[in-house]
Amino acid sequence: MENMPLPLRKWINECVKEKFETTIEEGLKKNENAHEIAQDMIQSKEMTELIARVKSVIDERCLSSRANSVAINEARPETSMSISSDLSGEDWGPMRAIGSDNFTYIVNKISYEKPIHVRLAGYEALTRSEITNIGSSQSWELLLKALKDGIVDESQPIFEASLQAHAQLLNGSQAQQDVLTNLLNAFSALYHSKRLHHMLPTFVSGINFKINLHEKLLRIMHLIIQHQEETLKSNRNTEKLLEEMMEQFLAFLSSHTFGISNQLHILTTLNILSVLEPKSDWSKKWAHSLTTLKILTTALGKFPALLQSIIYIVRVGMVESPAALTAHINDEPFEVNISGDTVKTVTYLHSLCFLAQLCSKAAGRLLLSEIQLNDPFNVPDFMLSLLNSLNILALSEVPASIYDISRSALQRLLDSPSVLYDARFYQLALDPLLRVPPQTERKIHPHMIDVMMRALNTEEGSRFIIHNSSAFSLNCKEKSTATCPANAVLVYAADLLRQPLSIMNTEYVIDLLKFIGRLFECYDVCHVVKYILQDEFYSAIAHLYNKMDKYSMENEMKKQSLDRAIKTMLLKVVSLPLALQLLTREESVFEELLRGSIEPLKSSWSCNNVVAVLSTAALEPVGFTILRDLAPHFLSKVLTDICTKLEDPHNFHDPWEDCVVKEFLHILRLLSLNSLCFIALLDDTSQEISSSEDSHPSNLWELLQHSVNSNSPYHCLALMALNVFLDSLDAKIILKHVLNYQELLLNLQETCIIEIESDGELKIIYAIDEAGFLRHKVLLKSYCIISKFIGDTAVLEQTELFSKLPPSVKFDVEKLCPTIPLHSELGRFLQENKPGLRDNGWVSQARKAHKISSKEPIQHSVVINLLDQMQKAVPELELTNHFEWPVHNDHDTLMPQEVYGIELTLLYAEQNRLMKVTSLAKTNLKIFLKEVHGFIKYYGWKKNFEGFDWFIASVFIICDGDMDRCKTFITQIVQFPSIMYIWPMLGKAVSREQNLPVNFQTTFSHLLENIVANELPSIKYALKNNCGTDWWIICDEIISQCFWRILPWCEIIHLLTICILYPADYPLYYCTSLLHYSQNQLLEDVTAGKMWPEHMDLTDYRSGNHLQLMDLLSKRYRNMTLPLLTYQEAALVT
């Protein structure tokens, strides 16, 4: 019944229900089984009448078929393969199975001279027989001949039955190759039949299924291709069998392609194949694996005429652009009509895709270069011709499918690992965008996006798209816009985004946005396109968002797709510091990006781009405001999930090693990399404390409240979060101000004291548990700021708690603050020099002396002396002309956070044994801090706390608290442009004072990430992909705290020396050398699942070992970096 046609099954069901319902019910009452009931039905009177009626119908059909065979040919739907007749001529009954040794019987019944109904019954008997070993039957050859006769038979039902038998034998027998050969021979017999020659399909008639020969040829070809596909899927076929199959098929294509005169315009086998496979999917499957690709190319090498014909068709098609692609297909009545012009078009498309598949493979290109052709085939010329054809097709009115298939052929060539084109390719590809006549609209066609995407994967292509970034970054906006491809793309994209939503091609716009996101992975591009990015592109996005808000109801699907694509693109764009700052000019777009990015984070924090952008968004005032508004709900979902996990009774084990908790703590560390981001998230002015003690903390401020409540179930989690935040010095003083955690935790530790009597004496010991151990680590890190790793290796059982400061902690003093030798080569050089001019030669000698001294600590007095003498060697900086020391300053107006910062400064100096700490030193540092900020005109954003000025604290320590020496040091050091980039407060003050569109901090960060991307691409990827941050973000934090706790103090002194001795670009190379030094450590940590910056350890870094690297980077990048880093040039650029 399963193989029986559906109409016949319905008819049988109706007959059974109508005629035999009584018989079935009686049998069921007698508890008879199904077989017994069926026998009763067969022997009933009704069955006898039904059989007699069926036989009379068949007799009538046979008489009709003999009288008019043409009528039978046109009556295909009325024929049913399920109608069977007894092969012996006896009473009709159920068909019995035929054994494998009885195929002679079937051959006899399906032979040409038998009546149609007998032949059909024979074919059905064959389909129901065991055919696995049919090839070993003695009647095998006769059966093949009979099947072939069935294919060429004029009767349509016989043809269909024979074709079905071929299909079954191809799938189920072991003699597949014989069956395939038989099928090919049957096709040839039909094709070369003199009697049917006038009925062959031509370019005039096209393909018309009203002519049975047309239908037969297409259906036979379809079965051949289908068999190839099934054969390639199977693993049971040997290479030899595949080789024979491919050679036979190509011989088949070649013979019919060239065996008939073209004067009659008869369709060739290649034409018929192309109708079924316009994209040449059959050859794509053969080219999928190296083994089958080798079989294909080896076989093609034996048929050069076929390959020559395909190349000729492609060349002609590219010159004469195809225009027609029409087909008429109807089910009732069944009709198929394909015009001759359409056949020509699909033959060109098939040949084009076939040739593109060959060219995309090395074996195919080798074949094309070695085979003897009338005209040599050149792959670059082929790609240029294809590109030119696509440029024409994109502007013509041809059906879109022609362009799409041609584009897919180009994509296959572009996807090849090898570069298959030459220098002419990019220029021709972008001609519709860059070289258009006046008053002609510029265009970016979809295939141009494919080419540009491929171009970004090569150095030459990237240069072409960016078009000499160093030249355009210093030139006027108009010049770069007119000639730079990257700028032209952004202008075109901006115009598209301003289109009405109703006519916007959403899919195309999304593809273009994907390219723009990919474009900004090239860091050089940002300085080239910044004018267009700010003035055109960002404003166009703002315009689009306004439209989407206004017309969202009518275009909801478009709105969602575009919004998702824009946010994905912007996250990549704003990963560049310069692009991030430029976006803040469009506050609506920036706010949409932040709010839209935060919303998914409520359920998942897996997107590294989102976390990285959020951690830097607060660098700009608008970002700070948005993050502060979102702070109450920023971490609500992830906190709820973690708290639920902690309360789960099944988690009776230690939950702190759970991946969710680790991820949460790492995210907190990333968010605290930027002080302003941390301040925004911790802002408690807009956050309400939950009224219920049992409720989950919903934000960062609520969570930290639990760190000082030992009875809270979230006490340990809050302590771990607090411990993470203390890696940042600014976070440390902010938390001390808002939480006063240190005093409260010491009080909690005091509750752990137990007094015991031993040997007559009363001793005090501490009862230690997990919470006490975590409080100990937090207190230790809050006090010992000489290094962030002190206490990290402590073991709970061996820890000695403390409840009063200072703790009795021991650390390697010589490693963290080594003894400074009294004399150094640089010190001797400076003392030996007499007063006078300091020219370039003197500076070179000073650098040599420093290199000798760079591997050991140097005295503070050496740095002060070097600064005094180097001031005479550098020109006066115009920037410092307006700097004046204030006459009066009220140091009592310091913010509480600054007071805590001063206390930490003195604690740091004491622990490093750098100066004697007195009450006078504390007073002087307050005065000095206030006066220096007045000197450089730094007042904070809206006079709010933006972070402590650790650079001023470092200068105070270097000058040993001497106020006059401190002021002289500051007055002199602001003359050096490099100081702008290691003293963040100075850079902010100058940027705000001069109202620069791009501040110094952004310029430095952008150039740093550019160098890292070029020099350490794999390390940059590992840092971003595994740790969710960029090196420039980490450097922004360690520079803002003047490298304290990251580098030993002696290295901080060397950094200042380098900034004094070398040009303004050397801080860039210094920061690059830090990552270069730690690249092996980073890879090991990532492999071990350790996150950065938590496990970043630069304690053993020594700049003296990396000065050679800095010199090398300077030679490589100074022409790009120096013009942007010096103040005068930076003003021109921005």
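Residues numbered from 1 in each chain as written. Predicted model: local features only at pLDDT ≥ 70, side-chain atom pairs only at ≥ 80, totals over all residues. Heavy atoms only, no water.

1. Focus: the overall build of the chain
Move 1: If you tally the helices and strands in the chain, you get 59 helices and five strands.
Move 2: Counting all 1134 residues of the chain, 54% fall into the buried class.
Move 3: A sequence separation of at least 24 residues applies to 74% of the contacts in the chain between residues at least 6 apart.
Move 4: Roughly 51,200 Å² of accessible area belongs to the chain as shown, and the carbon and sulfur atoms make up 51% of that amount. (Helix = DSSP H or I, 4+ residues; strand = E, 2+ residues; numbered from the N terminus. Buried < 20%, exposed > 50% of the residue type's maximum accessible area, 1.4 Å probe, protein only. Contact = heavy atoms within 4.5 Å. Areas by Shrake-Rupley, 256 points an atom, 1.4 Å probe, with all protein chains shown as cover.)

2. Things to note about the nonpolar core
Move 1: Ranked by size, the top nonpolar core spans 359 residues in total, and within it Phe 520, Phe 537, Tyr 538, Trp 983 and Trp 1031 carry the most contacts.
Move 2: In this structure, Phe 20, Ile 37, Met 41 and Ile 51 belong to the second largest nonpolar core, which totals five residues. (Core = buried A, V, L, I, M, F, W, Y, C linked by side-chain atoms within 4.5 Å.)

3. Digging into the packing of helix H29 (residues 525–550) against helix H30 (residues 556–573)
Move 1: Contact geometry of H29 with H30 gives a least axis separation of 11 Å together with a crossing angle of 155 degrees. With respect to H30, the element H29 is oriented roughly antiparallel. Every pair of crossing elements has a handedness; the one defined by H29 and H30 is left-handed. Residue-level contacts link Phe 537, Tyr 538, Ile 541, Leu 544, Tyr 545, Met 548 and Asp 549 of H29 to Lys 559, Leu 562, Asp 563, Ile 566, Lys 567, Met 569, Leu 570 and Val 573 of H30.
Move 2: Among the residues forming the contact of H29 with H30, the class breakdown is eleven nonpolar, no polar and four charged. (Axes fitted to C-alpha atoms, helices over the stretch in contact; angles between N-to-C directions. Parallel < 35°, antiparallel > 145°, perpendicular 65-115°, else oblique. Left-handed = near helix turned anticlockwise from the far one by under 90°. Nonpolar A, V, L, I, M, F, W, Y, C, P; charged D, E, K, R; others polar.)

4. Topic: the packing of helix H44 (residues 825–832) against helix H46 (residues 860–870)
Move 1: Following both chains from N to C, one finds H44 and H46 inclined at 45 degrees, their axes separated by 10 Å at the closest point. Taken together, the axes of H44 and H46 lie oblique to each other. Two packed elements cross with a definite hand, and for H44 against H46 that hand is left-handed. For the pair H44 and H46, contact is made by Leu 826, Gly 827 and Leu 830 and by Val 862, Asn 865, Leu 866 and Gln 869, respectively.
Move 2: Residues of the contact of H44 with H46, tallied by class, amount to four nonpolar, three polar and no charged.

5. A closer look at helix H53 (residues 1017–1027)
Move 1: Inspection of H53 places Ile 1019, Lys 1020, Ala 1022, Leu 1023, Lys 1024 and Cys 1027 among the buried residues, and these make up the whole buried set.
Move 2: Where H53 ends, the next residue or the one after it, Gly 1028, has phi of about 75 degrees, a positive value.

6. Considering the sheet that holds strand E2 (residues 327–330)
Move 1: Read across the open sheet, the three strands follow the order E1-E3-E2; overall the sheet is antiparallel. Of all strands in the sheet, those with a lone pairing partner are strand E1 (207–208) and E2, marking the two edges.
Move 2: Examined bridge by bridge, E1 and strand E3 (residues 335–338) share two bridges and lie antiparallel to one another. Counted as the bridge partner of Ile 207 is Ile 338 from E3. (Pairing = 2+ DSSP bridges.)

7. Remarks on the pattern of salt bridges
Move 1: Tallied over the full model, the rule gives 32 salt bridges.
Move 2: Put simply, Lys 736 and Glu 903 hold a salt bridge, and the shortest N to O gap is 3.6 Å. With Lys 736 in helix H40 (residues 729–738) and Glu 903 in helix H47 (residues 896–911), this residue pair connects regions lying 167 residues apart in the sequence.
Move 3: Lys 1020 is the salt-bridge partner of Asp 1030, the closest N and O atoms lying 3.4 Å from each other. Taken as a pair, Asp 1030 in the loop between H53 and helix H54 (1031–1040) and Lys 1020 in helix H53 lie far apart in primary sequence, ten residues in all. Here Asp 1030 matches Lys 1020 in class, with each residue buried.
Move 4: Each of the salt bridges in this network shares a partner with another, and the network as a whole consists of Arg 669, Asp 727, Lys 781 and Glu 1037. (Salt bridge = Lys/Arg side-chain N within 4 Å of Asp/Glu carboxyl O.)

8. Some thoughts on the packing of aromatic side chains
Move 1: With the rule as written, the count across this model stands at 28 aromatic pairs.
Move 2: Here the aromatic rings of Phe 829 and Trp 842 are separated by 5.7 Å at their centres, their planes lie at 40 degrees, and the arrangement is tilted. Placement of Phe 829 in helix H44 and of Trp 842 in helix H45 (residues 840–853) is noted, with a sequence separation of 13 residues between them. The exposure classification of Phe 829 matches that of Trp 842, with both residues buried.
Move 3: Geometrically, the ring pair formed by Tyr 908 and Trp 1044 is stacked, given 4.0 Å between the ring centres and 10 degrees between the ring planes. Linking Tyr 908 in helix H47 with Trp 1044 in the loop between H54 and helix H55 (1049–1061), this pair joins segments that are 136 residues apart in sequence.
Move 4: For Tyr 908, a relative accessible area of 1% puts it in the buried group.
Move 5: Under the relative-accessibility criterion, Trp 1044 is labelled buried at 0%.
Move 6: Clustering of aromatic rings is evident, with ring pairs tying together Phe 187, Tyr 191, Phe 249, Phe 252, Trp 282 and Phe 354.
Move 7: Lying across the ring of Phe 203, Lys 344 places its NZ or CZ 5.4 Å from the centre. (Phe/Tyr/Trp six-rings, centres within 6.5 Å; stacked < 30°, edge-to-face > 60°. Lys NZ or Arg CZ within 6 Å of the ring centre and 35° of its normal.)

9. Looking at the confidence of the model for the chain
The predicted coordinates ought not to be read in detail in places where the model reports low pLDDT.
Move 1: Summarising the model, the chain shows a mean pLDDT of 81, and 84% of its residues fall at 70 or more.
Move 2: With pLDDT under 50 throughout, residues 468–482 is counted as low confidence; its partners more than four residues away or in other chains account for 22 contacts.
Move 3: Across residues 1128–1134, confidence stays below pLDDT 50; counting only partners more than four residues off in sequence or on other chains, it has 14 contacts. (pLDDT = per-residue confidence, 0-100.)

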